[in-house]
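Spelled out from the first residue to the last, the chains are:
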Amino acid sequence: MAAAAAGSLRRAGWGLWRGRAVVRWQLSPPQRPLQASAVLRRVSDEHKKEPLASSSQQQFDSHPADHQPGQEPQGPDPSYTGQGSQESEDYESEEQLQHRILTAALEFVPEHGWTAEAIAEGAKALGLSAAAAGMFQSDGSQLILHFLSQCNTKLSELLEQEQKLVQQGEAEKKPIDQFLRDAVEARLRMVIPYLERWPQALSILLMPHNIPSSLSLLSSMIDDILHYAGDQSTDINWYTRRAVLTGIYNTTELVMMQDSSPDFEDTWRFLENRIADAMKMGDTANQVQSTGEAIVQGLMGAAVTIKNLTGLNQRR
Amino acid sequence: MSGLSPAGGRAALCLSLSLSRRRGALRGFAAGPQTHFGFQTVTEEERREKSERGGGGGARSVQPPGLRAGARLGVNQVFESVAKKYDVMNDSMTLGIHRLWKDVLVRKMNPSPGTQLLDVAGGTGDIAFRFINYVRSVRERQLQRRLKHHQNLSWQEIAQSYQEDKSPLGGSQVVVCDINKEMLKVGKEKAQDLGYSEGLSWVLGNAEELPFDDDKFDVYTIAFGIRNVTRIDLALQEAYRVLKPGGRFLCLEFSQVSNPLLSRLYDLYSFQVIPVLGEVIAGDWKSYQYLVESIRRFPPQEELKAMIEDAGFFKVDYQNLNSGIVAIHSGFKL
C-alpha cells in the first residue's frame, strides 16, 4: 500500500517534470541509489526491515540527492567506505554491486563451472533475480578475471605484510630463491579450491578477446612479486627476469593441474627446481659469454697462424 | 488520403488538425496534449479514438471488456484488422528476417530454467514460444548433466533424486500480455497448433497500466510494441514496477538507421513497398501506412536509452541489428 502511494506520488512528480525543459542528467545514474542495495540490507538486517523499506521508497520520490537526512537509522554501513565523490556512504555504485555478485558467484563455481549459470546462482544468493547475470558477458570471463584480480590483491597484501615484518626486524630477510618460491606457492595455493574447474578457466582466458585483460593481470602480479623481492634493475635484466618468472609461474600452474600427490608436493618440488635453474642460468650466461670470447680469440689466432704458414701474410 | 509522399502526408495533417479542432469545440472539452498518429499530429484523445482515419471505414470496434475508459481504440482498430494476417505480413515485409531478430533477443536474454517472463504486446506469442524452446533445451542439458553424476549412488541418494524437480521447464513461466483480444486469440490458436501447453498464460492488459503486482517478473520484454504505446514513459515505469530487483528490461524495436545510403534504400522500401504489400496481402493499406510512419516518429536509440534511464533502470545499453533498422535496448532494475 505504501508502495502504491509512493508509486503514484512518483508518477505525479514525473508529470511535473515533463512540463519543464528536460535536462539530461549525465551524472544522475550513478547518483541514484540502487534499490537492490536497500533490498539486500533488508535481507541481511532482520531487525530494521520496516524503516528501511519505507525509506527506500521515499528516496525515489524526492529529488535525487547525495544526502538523505535520517534515511539510515543505524548510520553508515561500515562495509561501504565512501568511494567516489558522487555517492554518499550508504549507496553503492553499479561496479560495487557487480563485484558483490561475482564474489557471491565464486561459491557456485565448483558446481557450475566458470559460466553464466554460476553468476546467476550468485545473483540469486544475494536476493536478486537470476536475470541480473545478463549484466556480465555470457562466457563467464568476467568472473574469472574478478577472481584473478582478487587473488592478486591478496598476494600483494601478503607480500606487503611480510615486508613490514622484515623492516620492523621481526623476521629474517629471505634469500631471493626462497622468497620467489614462497610467493609463487602462496599465489598458486589460492587456486586450489577451484582446481577442478581451473583448466576451463585457463582455456577461456586464452580466447583472443580475453587475452589483453588476462595478460595485464598476469604481468602486474609478476611485477608485484619481483618488486617485493627487491628487484631494482633498470636494464635488460628487468625484462629477462619478468619473462623468466612468468615462464616459471605458468609451467608450475600447468604441473599443479595434473598433480595428484599429497598437498601438491610434486608441484612445489618442480617449482624449486625451476627457480634453481633460473638462478644458475644467470651464472651460466656469464660463463658462456667468457667462453665464447675465449673461443673466438682462439679461432682468430688459428686463422693468423694459417695465414702465416701459407705465406698469405707476406707482402710481395 | 493515400499519403505516399511526405507532402501528401502534410496535407492530410492540416485537414485532420482542423477537423479535430472543430470536433473538440463541438464536444465542448479542451483538446488534450498533442501526440502523433503516424505522421499526423492529433490530441491524445484523438489517437485513442482514431477509428475513421485508421480503420478505413468499417464497423467501430466494440470496446474490449476489462479496459478502462479512454482505451486506445485507434491503435486497437489497427491491430484488430491485422491480427489474423499479422504473421504473414511480418514475414513478407521483413523478408523473414524478423525471426532472426527475435532469436537474437531471446539469445541475449539467455534465460535459465525458473525464469518468469512477461512479454508485453506479444500478442501472437513469437517471443513466448522462443523463450519456451530455449528454456526447454537448457533444462534438458541440466538434467543430462545431473544424470552423468548419478552413476554411483547410494539407495538414499536415488530416493532423493526422485523427489527432485524434473519438470521440462524447471518452473519457468511466460505471461503474454496484449491490449488487443484478437491478437491474443491468434496467439492462443498458434500455441495449440504448435503444441505449447505448459508455462503459458494469456492476459489482456494495457502496457501503461499493467494488471500485475510489484516485483513479480525476472524479465520484461516488449518486441515491436513500445512504438504503439501512447505514453512510453508510463510503460517504462510500469516495467520498472513489475520487475523483481535484479530483473531485466528488454525492448526490441525499429530504430533509426545511421548509414545514409542504407537509410535512403530503407525509406524507399518502407514507403513504396510496404503499404502495397499491406493492401495486397492483408487488404489494409492504411494500417501499414500507420506502421511505417510510426517507425519514423519513434525516438532514436540514444533518446530511448535516456528515457529508460529516467524510469530508473541501470546499465542501460543498446545493440543495433542490421545497422540500426532494429535495436535491442536492455536495462536492469538494480
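About the criteria used
- Residues numbered from 1 in each chain as written.
- Chains lettered and ligands numbered in written order.
- Predicted model: local features only at pLDDT ≥ 70, side-chain atom pairs only at ≥ 80, totals over all residues.
- Heavy atoms only, no water.
- Helix = DSSP H or I, 4+ residues; strand = E, 2+ residues; numbered from the N terminus.
- Contact = heavy atoms within 4.5 Å.
- Areas by Shrake-Rupley, 256 points an atom, 1.4 Å probe, with all protein chains shown as cover.
- Buried < 20%, exposed > 50% of the residue type's maximum accessible area, 1.4 Å probe, protein only.
- Core = buried A, V, L, I, M, F, W, Y, C linked by side-chain atoms within 4.5 Å.
- pLDDT = per-residue confidence, 0-100.
- Pairing = 2+ DSSP bridges.
- Axes fitted to C-alpha atoms, helices over the stretch in contact; angles between N-to-C directions.
- Salt bridge = Lys/Arg side-chain N within 4 Å of Asp/Glu carboxyl O.
- Parallel < 35°, antiparallel > 145°, perpendicular 65-115°, else oblique.
- Nonpolar A, V, L, I, M, F, W, Y, C, P; charged D, E, K, R; others polar.
- Patch = residues over 30% accessible without salt bridge, like charges linked within 9 Å, V, L, I, M, F, W, Y side chains within 5 Å.
- Phe/Tyr/Trp six-rings, centres within 6.5 Å; stacked < 30°, edge-to-face > 60°.
- Lys NZ or Arg CZ within 6 Å of the ring centre and 35° of its normal.

What to know about the overall build of chain B
Moving on, step 1. Within chain B, the secondary structure is distributed over 13 helices and nine strands.
Moving on, step 2. In chain B, the share of contacts with a sequence separation of at least 24, taken over all contacts with a separation of at least 6, comes to 74%.
Moving on, step 3. Total accessible area on chain B stands at roughly 15400 Å², and carbon and sulfur atoms take up 53% of it.

Focus: the overall build of chain A
Moving on, step 1. The helix and strand tally for chain A stands at 13 helices and zero strands.
Moving on, step 2. When the helices and strands of chain A are read in sequence order from the N terminus, they spell out α-α-α-α-α-α-α-α-α-α-α-α-α.
Moving on, step 3. Taken across its 316 residues, chain A has 36% of its residues classed as buried.
Moving on, step 4. Excluding contacts between residues fewer than 6 apart, the proportion of contacts in chain A whose partners are at least 24 apart in sequence is 65%.
Moving on, step 5. Approximately 18600 Å² of chain A is accessible, and the part contributed by carbon and sulfur atoms is 57%.

Description of the nonpolar core
All names here are of chain A.
Moving on, step 1. Residues Ile-101, Trp-114, Leu-143, Phe-147, Leu-180, Trp-198 and Ile-225 are the most contacted members of the largest nonpolar core, which totals 64 residues.
Moving on, step 2. Every element with two or more residues in this core is listed here: helix H5 (94-105), helix H7 (116-125), helix H8 (141-167), helix H9 (176-189), helix H10 (198-205), helix H11 (211-228), helix H12 (236-257) and helix H13 (265-310).
Moving on, step 3. In this structure, Leu-180 is in contact with Ile-225, Leu-226, Ala-229, Leu-245, Ile-275 and Met-279, ignoring residues within four places of it in sequence.

Re the confidence of the model for chain B
Residues and elements named next belong to chain B.
Moving on, step 1. Looking at chain B as a whole, the pLDDT averages 80, with 77% of positions reaching at least 70.
Moving on, step 2. Model confidence for chain B, summarised as mean pLDDT per element, is weakest for helix H3 (residues 52-56) at 34 and strongest for strand S9 (residues 326-332) at 96.
Moving on, step 3. With pLDDT under 50 throughout, residues 23-31 is counted as low confidence; its partners more than four residues away or in other chains account for six contacts.
Moving on, step 4. In the predicted structure, residues 49-71 sits below a pLDDT of 50 and forms 37 contacts with residues beyond four places in sequence or in another chain.

Remarks on the sheet that holds strand S7 (residues 243-254) of chain B
Strand pairing in a sheet relies on backbone hydrogen bonds, with the paired strands running either antiparallel or parallel.
All names here are of chain B.
Moving on, step 1. Across the sheet, seven strands lie side by side as S5-S4-S3-S6-S7-S9-S8; this open sheet has mixed pairing. At either margin of the open sheet sits one strand with a lone partner, and together these are strand S5 (200-204) and strand S8 (314-321). The sheet shows a mean angle of 15° between the axes of neighbouring strands, taken without regard to direction.
Moving on, step 2. Of the strand pairs in this sheet, strand S6 (residues 217-223) and S7 are connected by six bridges, and their pairing is parallel. Counterpart to Thr-221 in the pairing with S7 is Leu-250.
Moving on, step 3. Sitting on the sheet, helix H10 (residues 232-242) touches strand S3 (116-120), S6 and S7, and the angle it makes with S7 is about 145°.

Brief notes about the pattern of salt bridges
Moving on, step 1. Throughout the structure, instances matching the rule amount to 25 salt bridges over all chains.
Moving on, step 2. The partner of A:Glu162 in a salt bridge is A:Lys174, and the shortest N-O contact between them spans 3.6 Å. On the criterion of sequence distance, the pair formed by A:Glu162 in helix H8 and A:Lys174 in the loop between H8 and H9 is long-range, its members being twelve residues apart.
Moving on, step 3. Using a relative accessible area of 27% as the deciding quantity, one classes A:Glu162 as partly exposed.
Moving on, step 4. Note on A:Lys174: relative accessible area 28%, which makes it partly exposed.
Moving on, step 5. As a salt-bridge pair, B:Asp126 and B:Lys190 come within 3.0 Å of each other at their nearest N and O atoms. Of this pair, B:Asp126 sits in helix H7 (residues 126-148) while B:Lys190 sits in helix H9 (residues 181-194); the two residues are 64 residues apart in sequence, bridging distant segments of the chain.
Moving on, step 6. Ionic contacts of the salt-bridge type, sharing partners, join the residues A:Asp223, A:Asp231, A:Arg241 and A:Arg242 into one network.

A short note on the packing of H8(A) against H11(A)
All names here are of chain A.
Moving on, step 1. Where H8 contacts H11, the two axes come as close as 10 Å, and the packing angle between them is 5°. What the angle tells us is that H8 and H11 run roughly parallel. On the side of H8, the interface is formed by Leu-145, Leu-148, Ser-149, Asn-152, Leu-155, Ser-156, Leu-159, Glu-160 and Gln-163, while H11 contributes Ser-213, Ser-214, Leu-217, Ser-220, Met-221, Asp-224, Ile-225 and Tyr-228.
Moving on, step 2. Grouping the amino acids of the contact of H8 with H11 by side-chain chemistry returns eight nonpolar, seven polar and two charged.

Details of H7(A)
Along an α-helix, residues three or four positions apart point the same way, because every turn accommodates 3.6 residues.
Moving on, step 1. Among the residues of H7(A), those classed as buried are A:Ala116, A:Ala118, A:Ile119, A:Ala120, A:Gly122 and A:Ala123.
Moving on, step 2. On its buried face, H7(A) is in contact with H5, helix H6 (109-112) and H8 of chain A.

Points about the confidence of the model for chain A
All names here are of chain A.
Moving on, step 1. Within chain A, residue pLDDT values average 79, and 71% of them lie at 70 or more.
Moving on, step 2. Across residues 13-30 the pLDDT falls below 50, and counting only partners more than four positions away or on other chains, this stretch makes 16 contacts in the model.
Moving on, step 3. Taken together, the stretch residues 46-90 has pLDDT below 50 and engages in 57 contacts with residues farther than four places along the chain or on a different chain.

Looking at a nonpolar patch on the surface
Moving on, step 1. Taken together, A:Ile236, A:Trp238 and A:Tyr239 make up a surface patch of nonpolar side chains, about 350 Å² in accessible area.
Moving on, step 2. Looking at A:Trp238, the relative accessible area reads 33%, which means it is partly exposed.

Some details on the packing of aromatic side chains
Moving on, step 1. What the rule picks out here adds up to 14 aromatic pairs over all chains.
Moving on, step 2. When the centroid spacing of 6.0 Å and the interplanar angle of 90° are considered together, the rings of B:Trp101 and B:Phe254 count as edge-to-face. Of the two residues, B:Trp101 sits in helix H6 (residues 97-109) while B:Phe254 sits in strand S7, which places them 153 residues apart along the sequence.
Moving on, step 3. Given the relative accessible area of 6%, B:Trp101 is considered buried.
Moving on, step 4. Taking relative accessible area as the criterion, B:Phe254 reaches 12% and is therefore assigned buried.
Moving on, step 5. One residue, A:Arg274, lies across the ring of A:Phe270, its end atom 4.8 Å from the ring centre.
Moving on, step 6. Sitting above the plane of the B:Tyr240 ring, B:Lys333 keeps its charged end 4.8 Å from the centroid.

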